[in-house]
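# Secondary and tertiary structure notes
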Amino acid sequence: MSIKKLTWNKVESQFQFYSVSEIAKFPLQYTIWVDRETGKTKVHGLDRKHTWHNSVDEAKEWCQQ
């Protein structure tokens, strides 16, 4: 079985940019953004919990795993 690499779409809101990757055939997605207060990269995961990362690239790698 092969695992498909996540595709990321950059979205711009009124206040910031964030990246979204939807999981095909499921109503799930990862969302990545940089927290304005801390400057750290934050991920909204499939379990609806947040994780913190040092960079957007590190966050994307974490999501892919």
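To keep things clear, this report deals only with the structure shown in the data block. Within each chain, residues carry numbers counting from 1 in the order of the written sequence. Local features in this predicted model are restricted to residues of pLDDT 70 or higher, and side-chain atom pairs are both shown and tallied only at a pLDDT of 80 or more, whereas totals for entire chains, interfaces and linings draw on every residue. Remark: hydrogens and water are excluded; side-chain values derive from all non-hydrogen atoms of the structure.

Secondary structure elements are defined from DSSP: runs of H or I of at least 4 residues count as helices, runs of E of at least 2 residues count as strands, and each element is numbered from the N terminus. On a plain count of helices and strands, the protein chain comes out with one helix and five strands. Put simply, the protein chain runs from its N terminus to its C terminus through helices and strands in the order β-β-β-β-β-α. Using C-alpha atoms as the atom set, the radius of gyration is obtained and then compared with a globule rule of 2.2 Å times the number of residues to the power 0.38. At 12 Å, the protein chain has a C-alpha radius of gyration in line with the 11 Å of a compact globule built from 65 residues. Along the first, second and third principal axes, the C-alpha atoms of the protein chain reach 40 × 25 × 20 Å. Residue pairs in contact within the protein chain that sit at least 24 positions apart in sequence constitute 15% of those at least 6 positions apart. Surface accessibility of the protein chain: about 5400 Å² in total, with carbon and sulfur atoms responsible for 51%. Taking the average place of the 10 positive charges on the side chains of the protein chain and the average place of its 8 negative ones, the gap between the two points comes to 5 Å. In this analysis, two residues are considered to be in contact whenever any of their non-hydrogen atoms come within 4.5 Å of each other. Where accessible areas are quoted, they stem from the Shrake-Rupley method and a 1.4 Å probe; at the residue level, only the protein chains shown are allowed to cover. Positive charges come from Lys and Arg, negative ones from Asp and Glu, while His and the chain ends are left out of the count. Lysine's charge is taken at NZ, arginine's at CZ, aspartate's at CG and glutamate's at CD.

With that settled, consider the sheet that holds strand 2 (residues 17–23). Spatial strand order, 1-2-3-4-5: five strands in an open sheet with antiparallel pairing. Looking at strand neighbours, the two that pair on one side only are strand 1 (9–12) and strand 5 (50–53), the edges of this open sheet. Adjacent strand axes in the sheet meet at a mean angle of 25° when their direction is disregarded. The rule for pairing is simple: two strands pair if DSSP sees at least two bridges between them. Bridge count for strand 2 against strand 3 (residues 28–34) is six bridges, and the pairing is antiparallel. Looking at strand 3, one finds that glutamate 22 is bridged to glutamine 29. For helices, the fitted axis covers only the stretch in contact; all axes are lines through C-alpha atoms, and the angles between them, taken along N-to-C directions, range from 0 to 180 degrees. Lying over the sheet, helix 1 (residues 56–64) contacts strand 2, strand 3, strand 4 (41–44) and strand 5, oriented at roughly 165° with respect to strand 3.

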